[in-house]
Amino acid sequence: MTPLLRAEQAVLGSVLLDPAQLSNLDWLAPDHFYRPIHQALFAALRKLHSDGHPAVGAEKPVPMSPACGAWPDDAAFGDNPPALRQWVTDAVDEAGRHVRGLTAAYAHTLISACPRPEHAPVYGRMVLEGAIHRTVAQHAIRLHQVARADTLQGEVEGSLRSADILTGVLTDLARRWGTDPRPVAPPAALTAALTVPPVRADLVAEDERFLLAVLAEQRRALDEVVAWLRPGDFADPAHGQVYKCLGALRHRGEPVDRITLLWEAQRRGLLADGTLSGEQLTAICDGMVPGSAGWFAERVMRSSLTRTAAASACAVRALAEDEALDPGRLINHALHVLGPLDEVHARWQAANGSPAPKPPTALAPGGPPPGRVQAARARSIPHPAPAPPARTSPGPGPAPIRARSPARGHS
């Protein structure tokens, strides 16, 4: 039996022994338990407690019997033995209405599995930790499935919606665990690159070749896509390098044709290390087809988004399945892993003229104090000290600084 299942049994056993422990577990929910029978029993115990069961007011908890396997004698129950006995019986009966297989014998097994009823909050924390790992893994699996389906259907909305749900779940779990949700890079041992190949690699490669051919043929075609399309959006790294070469020629204002493109590839060492060959570049330049660079670029971008979503989902799932990670680190590492998807999402919205993803409008409860945020913003102002609302005496000399453009040197 795993430590998690032992912790679930210990929580239930502690509440069966001492109903008052439920007041220390108000943050624990039935769906935090892994086994359905445990979920039903904990929900039943909560219902009996809220209904004012007579055992709730008992002065002492149900004691353990010295002889394992035997119920305690009535004398050991204190001043109210019928109510405390009835607590266990009623809990089993109430849970039995929603799940099969629960017996009084198993309830006694749960009681025997609890070392100390007063340790119930610690046992509950173990149960919550297991629930957080399971929940993160389930939503990561869902994101991966939706991303693969979107790739087949040529859509992205499902992936973006599932990613938003996963981010929301991580934020909620952080609140439940009591940690500040913030992206934190996982250690190098946990950041093994997870590459997810395209679902339709042949069609993706064809779109990328057509896009590069249009960009190589039409001088101003790069102006349509350079603001939001990145080399990393290409599934084939060689195609991404060709896109870099085209961008470099455009940046320097040089002409673009098969000769200049081949020369730029050689200068970057792409021919020497085998990344590209002259034949590949010639095939790209000769593969010109009628079409819009923006249309092909959006198809490449759509593939990049779903591919990034699938890779992020796999990485989050790998983190969730690492039992050595405590929930706080798991949540923050998962938020960091989702960062590349957020970046692609922002560029996808820029390509389609949609508003950028809404930034956080309010600080989390555990975020930096407003004074610290204001001080951080003040450091970006050219003036070394913030000016008061009204200056009575500007003093000699520094007044013209206020008119200086903060963007000097970037024009």
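A quick note: this is a predicted structure, and the numbers were derived from the prediction, not measured.

**Student:** Is there a simple way to explain the overall build of the protein in this structure?
**Tutor:** For the protein, the count of helices and strands is 15 helices and zero strands. Within the protein, counting contacts between residues at least 6 apart in sequence, those at least 24 apart form 73% of the total. For the protein, the exposed surface amounts to about 22600 Å²; the carbon and sulfur share of it is 55%.

**Student:** Quick question: what am I supposed to make of the pattern of salt bridges here?
**Tutor:** It is possible for side chains of opposite charge to pair when their charged atoms get near one another. For the coordinates displayed, the defined rule picks out 17 salt bridges. The partner of Glu94 in a salt bridge is Arg97, with the nearest N and O atoms 3.3 Å apart. Residue Arg97 is classed as exposed on the basis of its relative accessible area of 65%. In this structure, Arg116 engages Glu118 in a salt bridge whose closest nitrogen and oxygen atoms are separated by 3.5 Å.

**Student:** What is the right way to look at the side chain of His333 in this model?
**Tutor:** Mapped onto the elements, His333 comes out in helix 13 (residues 327–337). With relative accessibility at 5%, the residue His333 sits in the buried group. The contact partners of His333, leaving out residues within four places of it in the chain, are Val184, Ala185, Pro186, Pro187, Leu319 and Leu325.

**Student:** In this structure, what is going on with the packing of aromatic side chains? I would like to understand it.
**Tutor:** Two numbers describe a pair of aromatic rings. These are the distance of the centres and the angle of the planes. This model, assessed by the stated rule, comprises four aromatic pairs. Centroid distance Phe234 to Tyr243: 5.3 Å. Interplanar angle 40°. Geometry classified as tilted. Judged on exposure class, the residue Phe234 and its partner Tyr243 are both buried. Ring geometry for Trp295 against Phe296: centres 5.1 Å apart, planes inclined by 75°, an arrangement best described as edge-to-face.

**Student:** Where do I start with the environment of Leu270 in this structure?
**Tutor:** By secondary structure assignment, the location of Leu270 is in the loop between helix 10 (258–267) and helix 11 (278–286). Along the backbone, Leu270 and Ala238 are 32 residues apart, and their C-alpha atoms lie at a distance of 8.8 Å. Setting aside chain neighbours within four positions, we find Leu270 in contact with Gln241, Cys245, Ala265, Thr275 and Leu276.

**Student:** Could you clarify how one ought to interpret the packing of helix 1 (residues 3–17) against helix 4 (residues 104–112) in this entry?
**Tutor:** The relative placement of two packed helices is expressed as an angle between their axes plus a distance between the axes. Across the interface, helix 1 lies against helix 4 with an axial gap of 7 Å and an inter-helix angle of 100°. In terms of axis orientation, helix 1 runs roughly perpendicular to helix 4. Counting all contacts with helix 1, which are made through Gln9, Leu12, Gly13, Leu16 and Leu17, the residues of helix 4 involved are Tyr106, Ala107, Leu110 and Ile111. The residue inventory of the contact of helix 1 with helix 4, partitioned by class, reads seven nonpolar, two polar and no charged.

**Student:** So what exactly am I meant to see when it comes to the environment of Tyr243 here?
**Tutor:** Mapped onto the elements, Tyr243 comes out in helix 9 (residues 237–252). Given the relative accessible area of 5%, Tyr243 is considered buried. Placed twelve residues apart in sequence, Tyr243 and Pro231 show a C-alpha to C-alpha distance of 6.1 Å. Apart from residues lying up to four places away in sequence, Tyr243 is in contact with Leu212, Leu215, Leu222, Val225, Val226, Leu229, Arg230, Pro231 and Phe234.

**Student:** Help me out: how do you make sense of the packing of helix 9 against helix 10 in this one?
**Tutor:** It is the contact of helix 9 with helix 10, at a shortest axis distance of 9 Å, that shows an interaxial angle of 110°. With respect to each other, helix 9 and helix 10 are oriented roughly perpendicular. For the pair helix 9 and helix 10, the contacting residues are Val242, Cys245, Leu246, Ala248, Leu249 and Arg252 in the first and Thr260, Leu261, Glu264, Ala265 and Arg267 in the second.

**Student:** Looking at this structure, how should I read the confidence of the model for the protein?
**Tutor:** Caution applies to low-pLDDT regions: their predicted coordinates should not be interpreted in detail. Considering every residue of the protein, the mean pLDDT works out to 81; 76% of them sit at 70 or more. Below pLDDT 50 for its whole length, residues 359–369 participates in six contacts with residues either more than four positions away or in separate chains. Note that residues 388–411 has pLDDT below 50 and, in this model, three contacts with residues that lie over four places away or in other chains.

**Student:** Even after reading the chapter, I still don't get the nonpolar core, so can you show me in this structure?
**Tutor:** Soluble globular proteins: nonpolar side chains tend toward being buried together. Membership of the largest hydrophobic core comes to 98 residues, with the highest contact counts inside it found for Leu16, Leu41, Leu45, Trp87, Leu211, Leu215 and Leu229. Broken down by element, the residue count for this core peaks at 13 residues, all from helix 12 (residues 293–320). Setting aside anything within four residues of it in sequence, one finds Leu215 in contact with Ala221, Leu222, Val225, Tyr243, Leu246 and Ala293.

**Student:** Where do I start with helix 14 (residues 339–351) in this structure?
**Tutor:** Since there are 3.6 residues in each turn of an α-helix, residues three or four apart along the chain are aligned in direction. Taking 1.5 Å per residue as the helical rise, helix 14 with its 13 residues ought to reach 18 Å, and the 19 Å between its terminal C-alpha atoms agrees with that figure. Of the surrounding elements, those touching the buried residues of helix 14 are helix 6 (157–177) and helix 12. Following helix 14 by one or two positions, Gly353 has its phi on the positive side, about 70°.

About the thresholds
Counting restarts for each chain: residues are numbered from 1 in the order of the written sequence. Two thresholds apply to this predicted model, a pLDDT of at least 70 for residue-level local features and 80 or more for giving and counting side-chain atom pairs, whereas whole-chain, interface and lining totals are computed over all residues. Excluding hydrogens and water, the side-chain figures rest on all heavy atoms present in the structure. For the purposes of this entry, the term helix denotes a DSSP run of H or I that reaches at least four residues, the term strand denotes a run of E that reaches at least two, and both are numbered from the N terminus. Two residues form a contact once any of their heavy atoms are found within 4.5 Å. The method behind every accessible area is Shrake-Rupley, applied with a 1.4 Å probe, and residues are considered shielded solely by the protein chains displayed. What makes a salt bridge here is a side-chain nitrogen of Lys or Arg within 4 Å of a carboxyl oxygen of Asp or Glu, nothing more. Each residue is assigned to one of three classes by its accessible area relative to the maximum for its type, calculated with a 1.4 Å probe on protein chains only: buried under 20%, partly exposed between the two thresholds, exposed over 50%. Note on aromatic contacts: the rings of Phe and Tyr and the six-membered ring of Trp form a pair at centre separations within 6.5 Å, being stacked when their planes are under 30 degrees apart, edge-to-face when over 60 apart, and tilted otherwise. Angles here are taken between N-to-C directions and fall from 0 to 180 degrees, while the axes themselves are lines fitted to C-alpha atoms, restricted in helices to the stretch in contact. Roughly parallel covers angles under 35 degrees, roughly antiparallel covers those over 145, roughly perpendicular covers 65 to 115, and oblique covers all other angles. Just so you know the grouping, Ala, Val, Leu, Ile, Met, Phe, Trp, Tyr, Cys and Pro go in nonpolar, Asp, Glu, Lys and Arg go in charged, and all remaining residues, Gly too, go in polar. For every residue, the predictor states its confidence as a pLDDT score lying anywhere from 0 to 100. To qualify as a nonpolar core, a set must consist of buried Ala, Val, Leu, Ile, Met, Phe, Trp, Tyr and Cys residues joined through side-chain atoms within 4.5 Å. Here, expected helix span is obtained from the residue count minus one, scaled by 1.5 Å.

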